[in-house]
Number of protein chains: 2
Amino acid sequence: MGYVHVYTGDGKGKTTAAIGIAMRAVGAGKKVFLAQFVKGMRYSELISLSKIPEITVKQFGLDCFIYESPKQIDIDKAREGLDLIRNIITTNKYQMIILDEANIALYYKLFSIDELLEVIESRHEDIEVIITGRKAPDKLIDYADLVTEMKEIKHYYQKGVHARKGIES
Amino acid sequence: MGYVHVYTGDGKGKTTAAIGIAMRAVGAGKKVFLAQFVKGMRYSELISLSKIPEITVKQFGLDCFIYESPKQIDIDKAREGLDLIRNIITTNKYQMIILDEANIALYYKLFSIDELLEVIESRHEDIEVIITGRKAPDKLIDYADLVTEMKEIKHYYQKGVHARKGIES
């Protein structure tokens, strides 16, 4: 039986933990589908993940609305992602499905928590689901089997350091 | 200038976050040295990381003493690791050095925090250092630029689920 993990909180390490768990799963013979919601930028990790054929990455976002409010295109992209997951999650083509930043998609109401839970609930019994992003809703935390909060204790952004290629992006 | 990151706390995702950040760094053209202290088991992630030539992994442990007290061989292995890091950290051969479970090595006094900080302090200016493991000592937290606590909110071990291949190991 596959479990549902949530990585949330304001601290660093949510997406990277999902990537690390994908690498671990591949090492154990699993195939992984990594859906990145909200994100559309070519993050550095995509270049190295492309060397791992067992991990399929697909982005469903434009990477810019989070500074303002979502547009129809943001909603359309997120829904396209959810629809694709709805189709593959009932099969055993992938044994791990990562919904990176799905919490952010929920926060901006690109789709609803009830829709997401319905999709997850319909999963093939072998599939492990990993959900990341700040602000995980209580309903998701209640549903999940495993929840980790990444808590920011200290961050160099506070010292005025900006996001750096290969570290934050 | 490379920064010092610490991932600590009882929650899941410390080692996997370090692996994910290694993948991101490689995507940005960096070379990564991943030293695993205390660990000696062939974790699943090592199989997939072996496909990424820019990441070098070396283990310095036996993976068993944590249930009892450390033996001389545990101390020797950890010190061998620290000595190796001491040599490479002053060069720019790697631009990221990960000391996985170094906090556990500190906790069991396999080496001291002062020794570790002296090694880190001597680093080549381009090197980013990532340190993981529960129970990061206060002195390390004070020294680090970025600290994330992985806080366990919910864990299926509480339900009696055991560690599973490709997820926890």
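Scroll up a little and you will see the structure.
Residues numbered from 1 in each chain as written. Chains lettered and ligands numbered in written order. Predicted model: local features only at pLDDT ≥ 70, side-chain atom pairs only at ≥ 80, totals over all residues. Heavy atoms only, no water.

### Some points on the interface of chain B and chain A
Accessible area lost when the parts come together is the quantity often used to give the size of an interface. Spelled out, the test is: By the convention used here, residues are in contact when the closest approach between their heavy atoms is within 4.5 Å. In this description, buried area is defined as the sum, over both parts, of the accessible area (probe of 1.4 Å) that is lost when the two are combined. A carboxyl oxygen of Asp or Glu within 4 Å of a side-chain nitrogen of Lys or Arg is what we treat as a salt bridge. Under the rule applied, a polar contact is a pair of N or O atoms within 3.5 Å (in protein, one hydrogen donor and one hydrogen acceptor; residues adjacent in sequence only if both atoms are side-chain atoms). Helix and strand assignments follow DSSP, with helices taken as H or I runs no shorter than four residues and strands as E runs no shorter than two, numbered in order from the N terminus. Under the convention adopted here, Pro, Cys and the residues Ala, Val, Leu, Ile, Met, Phe, Trp and Tyr are nonpolar, Asp, Glu, Lys and Arg are charged, and Gly plus all remaining residues are polar. Whether two strands pair depends on DSSP finding at least two bridges between them.
At the interface, 54 residues of chain B touch 54 residues of chain A. Of the roughly 4,400 Å² buried between chain B and chain A, counting both surfaces, carbon and sulfur atoms make up 59%. The partner of Lys51(B) in a salt bridge is Glu54(A), and the shortest N-O contact between them spans 3.2 Å. Applying the counting criterion to the chain B and chain A interface returns 26 residue pairs in polar contact (both at pLDDT 80 or more). Residue assignment for the side of chain B that touches chain A shows that the elements contributing at least two residues are strand S1 (4-8), helix H1 (14-27), helix H2 (44-49), helix H6 (138-143) and strand S6 (146-154) of chain B. Looking at the side of chain B that touches chain A, the element that brings in the most residues is H1(B), giving 11 residues. Here the side of chain B that touches chain A is built from residues that sort into 24 nonpolar, 13 polar and 17 charged. The pairing of strand S6 (residues 146-154) of chain A with S6(B) spans seven bridges and is classified as antiparallel. Bridge assignment links Lys154(A) to a residue of S6(B), and that residue is Val147(B).

### Quick word on the relation of the copies chain B and chain A
The condition is simple: C-alpha atoms of residues with pLDDT of at least 70 in both copies form the basis for the least-squares superposition of the copies.
Note on the identical chains: chain B maps onto chain A by a rotation of 180 degrees and an axial translation of 0.0 Å, with an RMSD of 0.0 Å. As the rotation angle and translation indicate, the two copies are arranged about a two-fold axis. Closest approach to the rotation axis within chain B is made by the C-alpha atom of Ala17(B), at a distance of 1.8 Å. When the interface residues of chain B are mapped onto chain A, 100% of them again fall at the interface, so both copies present the same face.

### Describing the environment of Leu146(B)
Here Leu146(B) shows up in strand S6. Along the backbone, Leu146(B) and Tyr7(B) are 139 residues apart, and their C-alpha atoms lie at a distance of 8.6 Å.

### Re the packing of helix H3 (residues 72-88) of chain B against helix H5 (residues 113-121) of chain B
Residues and elements named next belong to chain B. Note the threshold: Fitting a line to C-alpha atoms yields each axis, with helices limited to the stretch in contact; the angle taken between N-to-C directions then spans 0 to 180 degrees. Comment on the angle field: the value is read as roughly parallel under 35 degrees, roughly antiparallel over 145, roughly perpendicular from 65 to 115, and oblique elsewhere. Take the far helix as your reference; a near helix turned counterclockwise from it by less than a right angle gives a left-handed crossing, and one turned clockwise gives a right-handed crossing.
Look at H3 against H5: their axes get within 9 Å of each other, and the N-to-C directions meet at 25 degrees. The orientation of H3 relative to H5 falls into the category roughly parallel. At the point where H3 passes H5, the crossing takes the left-handed sense. Between H3 and H5, the contacting residues are Arg79, Leu82, Ile85 and Arg86 on the first element and Glu115, Leu116 and Val119 on the second. Grouping the amino acids of the contact of H3 with H5 by side-chain chemistry returns four nonpolar, no polar and three charged.

### Structural notes on the pairing of strand S3 (residues 55-60) of chain B
On a regular strand, one side chain projects to one face of the sheet and the next to the other, so that they alternate. All names here are of chain B. Selection criterion: Whether a crossover is right-handed depends on one test, that the path from the first strand over the helix to the second runs clockwise when the strands point away from the viewer.
As defined by bridge partners, strand S2 (residues 32-37) adjoins S3 across six bridges and the pair is classed as parallel. Opposite Val32, over in S3, you have Ile55 as the bridge partner. On the question of chirality, the crossover connecting S2 to the parallel S3 by way of H2 is right-handed.

### What to know about the packing of aromatic side chains
Inclusion rule: Stacked, tilted and edge-to-face are the three classes applied to pairs of Phe, Tyr and Trp rings, where Trp contributes its six-membered ring and a pair requires centres within 6.5 Å; stacked means planes under 30 degrees apart, edge-to-face means over 60, and tilted covers the rest. When accessible area is computed with a 1.4 Å probe and restricted to protein chains, residues below 20% of their type maximum are described as buried, those above 50% as exposed, and intermediate ones as partly exposed. Here, over-ring charges are defined by two tests on the NZ atom of lysine or the CZ atom of arginine: distance to the ring centre within 6 Å, and angle to the ring normal within 35 degrees.
Under the criterion given, the structure shown has eight aromatic pairs over all chains. Taken together, a centroid distance of 5.2 Å and an interplanar angle of 85 degrees make the contact between Tyr107(B) and Tyr108(B) edge-to-face. Tyr108(B) sits in the partly exposed class, given a relative accessible area of 23%. Cation over ring: Lys135(A) sits above Tyr107(A), and NZ or CZ is 5.0 Å from the ring centre.

### With respect to the sheet that holds strand S4 (residues 96-100) of chain A
Sheet strands associate in pairs through backbone hydrogen bonding, adopting either a parallel or an antiparallel arrangement. Within the open sheet, the 12 strands sit side by side as S3(A)-S2(A)-S4(A)-S5(A)-S1(A)-S6(A)-S6(B)-S1(B)-S5(B)-S4(B)-S2(B)-S3(B). Their pairing is mixed. Two strands in the sheet have a free side with no partner beyond their single neighbour: strand S3 (55-60) of chain A together with S3 of chain B. On average, each strand axis in the sheet is tilted by 15 degrees relative to the strand beside it, whichever way the strands run. Along the sheet, helix H3 (residues 72-88) of chain A contacts strand S2 (32-37), S3 and S4 of chain A; its crossing angle with S2(A), the most-contacted strand, is approximately 160 degrees.

### Re H3(B)
Residues and elements named next belong to chain B. Applied cut-off: Multiplying one less than the number of residues by 1.5 Å gives the expected span of a helix. In this description, one arc is meant: the one made by directions from the helix axis to the C-beta atoms.
The end-to-end C-alpha separation of H3 is 25 Å, in line with the 24 Å expected for 17 residues at 1.5 Å each. Every buried residue of H3 is accounted for by Asp74, Ala78, Gly81, Leu82, Ile85 and Ile88. Buried residues along H3 cover an arc of 130 degrees about the axis, so they all sit on one side. Among the exposed residues of H3, those pointing more than 90 degrees away from its buried face are Gln72 and Asn87. Elements in contact with the buried residues of H3: S2, S3, strand S4 (96-100) and H5.

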